[in-house]
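# Reading the structure
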Protein chains: 2
Amino acid sequence: MEGFFQHYLRLYRPLINALNELLSEYNLSYSLWQVIYYIKHNGPSTLVEIAKRYSVEKPSITRRVNALEELRLIEKRESRDRREKVIQLTPLGEEIYASCRKKISSFERKMMEHLTEDELQNFFHTLSKIQQQFYSKEGKQQ
Amino acid sequence: MEGFFQHYLRLYRPLINALNELLSEYNLSYSLWQVIYYIKHNGPSTLVEIAKRYSVEKPSITRRVNALEELRLIEKRESRDRREKVIQLTPLGEEIYASCRKKISSFERKMMEHLTEDELQNFFHTLSKIQQQFYSKEGKQQ
DNA sequence: ATAAAATAGTTACCCTAGGTAACTATATCA
DNA sequence: TGATATAGTTACCTAGGGTAACTATTTTAT
């Protein structure tokens, strides 16, 4: 399996560029989309939750959240723990989510349509296993 | 398959960070490693070849090549086409390649050891198919 | 109960890596 | 041979992330 990572990583740039292009229509980038996606799928969330999820540091999420707030796509809410700021989608945020979701899904379909259901399932499953392995190893090191 | 890209892309940052960490011992980063890897596997090459391979612009490769030259891992050679600069590994470059290759392979093995041979084969194969699809679509757009 | 340690978030500053535009030198095409 | 294309470089800019130091608040331990 030599060169496996090369293979895996080579897709990254073209993919992220295509997604950024796709999202630019809404003044979004993929890194901002991740935040929207997260709170859409996990409900109102704190910044630290999101940072952990995407393996980035807190200041990066602060910046992303500020950008999204300026776009009026999310809003901050007070939490019972007053250190925390819970963020949630605004109605506009929900709208934009839906539009982007549609575009991304159709792009995903276009990229996947030549694969069989089995290939997709297996690929997805193996990716999950690698991810799990990765996080467990990483965890041990810390 | 909604959220497929999320899944795929989420692995990127931890993976690239781990590889950069691994390579830092030799004052390398993954982006520099790509260049070394390319000329090791394709022989002496021009900058444009490498840029195309990794979907980056020429100035990025100029920078990478300069960095590698300062590390004495590659050297420039005149080409028959005097616009081109053909770069190749120095003996030191070959050495460093071998050391890094060993480290990366062992890391790869650690990440993959819990997968069956079949899972690996399928994953690899599907990844290739997605990549091909991607490049053919991208090509059409231009 | 309270002092010490931990946690959430922010700010300021820096780094990596890439992109674009404009340029030089050389090669190819018409 | 003049026009066009290509390889590479340079200067400048941008995106996005990291670290350290800080404030505010909460939790833990004595």
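If you're wondering where the values come from, they're calculated on a predicted model, not measured in any experiment. Once a new chain begins, its residue numbering starts again from 1 and follows that chain's sequence as written. Starting at A for chains and at 1 for ligands, labels are handed out in the order in which the entities are written. pLDDT decides what is reported in this predicted model: residues at 70 or higher carry local features, side-chain atom pairs at 80 or more are listed and counted, and totals for whole chains, interfaces and linings draw on all residues regardless.

## A look at the protein's contact with DNA strand D
Selection rule: A residue counts as near a molecule or strand when its C-beta atom, positioned from the backbone, falls within 6 Å of it. Counting from the N terminus, the helices are the DSSP runs of H or I reaching at least four residues and the strands are the DSSP runs of E reaching at least two. When residues are sorted by character, Ala, Val, Leu, Ile, Met, Phe, Trp, Tyr, Cys and Pro go into the nonpolar class, Asp, Glu, Lys and Arg into the charged class, and all the rest, Gly among them, into the polar class.
Among the 20 residues in the neighbourhood of DNA strand D, the closest are listed as Ser 29 of chain A together with Leu 47, Val 48, Pro 59 and Thr 62 of chain B. Of all the elements in the fold, those that place two or more residues in the surface near DNA strand D are α5 (58-70) of chain A together with α4 (47-54) and α5 (58-70) of chain B. Take the surface near DNA strand D: its biggest share by element is four residues, from α5 of chain B. For the surface near DNA strand D, a count of residues per class yields six nonpolar, five polar and nine charged.

## Points about the protein's contact with DNA strand C
The environment of DNA strand C is formed by 20 residues, the closest being Leu 47, Val 48, Pro 59 and Thr 62 of chain A together with Ser 29 of chain B. Those elements that provide at least two residues to the surface near DNA strand C are α4 (47-53) and α5 of chain A together with α5 of chain B. Looking at the surface near DNA strand C, the element that brings in the most residues is α5 of chain A, giving four residues. Residues of the surface near DNA strand C, tallied by class, amount to six nonpolar, five polar and nine charged.

## What about the relation of the copies chain A and chain B?
Put simply, the test is: For the least-squares superposition of copies, only C-alpha atoms count, and only for residues with pLDDT at least 70 in both. Residues are scored as being in contact if the C-beta atoms we place from backbone atoms lie within 7 Å.
Laying chain A over chain B is done by rotating through 180 degrees and shifting 0.0 Å along the axis; what remains is an RMSD of 0.0 Å. In symmetry terms, the pair is related by a two-fold rotation axis. Taking C-alpha positions as the reference, the residue of chain A nearest the rotation axis is Phe 123 of chain A, at 2.6 Å. Same-surface contact between copies: 100% of interface residues of chain A are shared with the interface of chain B.

## Notes on helix α2 (residues 12-24) of chain B
Defined as follows: Expected helix span is given by 1.5 Å per residue-to-residue step, counting one fewer step than there are residues. Burial in this document is a count-based property: other C-beta atoms within 10 Å of a residue's C-beta are tallied, and the residue is buried at 20 or more, exposed at 12 or fewer, or partly exposed in between, with C-beta positions derived from the backbone. For this quantity, the arc is that covered by the directions from the helix axis to the C-beta atoms.
For α2 of chain B, spanning 13 residues, the distance from its first C-alpha to its last is 18 Å, which sits close to the expected 18 Å at 1.5 Å a residue. Inspection of α2 of chain B places Leu 15, Leu 19 and Leu 23 of chain B among the buried residues, and these make up the whole buried set. Projected down its long axis, α2 of chain B shows its buried positions confined to an angular sector of 60 degrees, all on one face. For α2 of chain B, the elements touching its buried residues are α1 (4-10) of chain A together with α3 (30-42) and α6 (91-112) of chain B.

## Observations concerning α3 of chain B
Think of an α-helix as turning once every 3.6 residues; residues three or four places apart then point the same way. All names here are of chain B. With 13 residues, α3 should cover 18 Å at 1.5 Å per step; its first-to-last C-alpha distance of 18 Å lies within 8% of that length. Listed as buried for α3 are Tyr 30, Leu 32, Trp 33, Val 35, Ile 36, Tyr 37 and Ile 39. Phi turns positive, to about 75 degrees, at Gly 43, one or two residues after α3.

## Some details on the packing of α4 of chain B against α5 of chain B
Two measures define how a pair of helices packs: the angle their axes make with one another and the distance between the axes. All names here are of chain B. The line we're drawing: In this analysis an axis means a line fitted to C-alpha atoms, helices contributing only their contacting stretch, and an angle means the value between N-to-C directions, from 0 to 180 degrees. Roughly parallel here means an angle under 35 degrees, roughly antiparallel means over 145, roughly perpendicular means 65 to 115, and every remaining angle is called oblique. Working rule for handedness: look at the near helix, and if it is turned counterclockwise from the far one by less than a right angle, call the crossing left-handed; if clockwise, right-handed.
Close contact between α4 and α5 brings their axes to 9 Å; oriented N to C, the two are set at 115 degrees. One finds that α4 runs roughly perpendicular with respect to α5. For the crossing formed where α4 meets α5, the hand is right-handed. Contact residues: α4 offers Leu 47, Val 48, Ile 50 and Ala 51, while α5 offers Lys 58, Ile 61, Thr 62 and Val 65. Here the residues of the contact of α4 with α5 sort into six nonpolar, one polar and one charged.

## Looking at the sheet that holds strand β3 (residues 85-89) of chain B
Residues and elements named next belong to chain B. Convention followed: Think of it this way: DSSP has to see at least two bridges between two strands before they count as a pair.
Ordered in space as β1-β3-β2, the three strands form an open sheet in which the pairing is antiparallel. The open sheet has two edge strands with one neighbour each: β1 (45-46) and β2 (74-78). Bridging between β2 and β3 involves five bridges; their strand directions are antiparallel. Counterpart to Arg 77 in the pairing with β3 is Val 86.

## Structural notes on the interface of chain A and chain B
Taken together, the contact pairs 41 residues of chain A with 42 residues of chain B. Contributions of two or more residues to the side of chain A that touches chain B are made by α1, α2 (12-24), α6 (91-112) and α7 (117-141) of chain A. When residues of the side of chain A that touches chain B are assigned to their parent elements, the largest contribution, 13 residues, is made by α7 of chain A. Its residues assigned to classes, the side of chain A that touches chain B shows 23 nonpolar, nine polar and nine charged.

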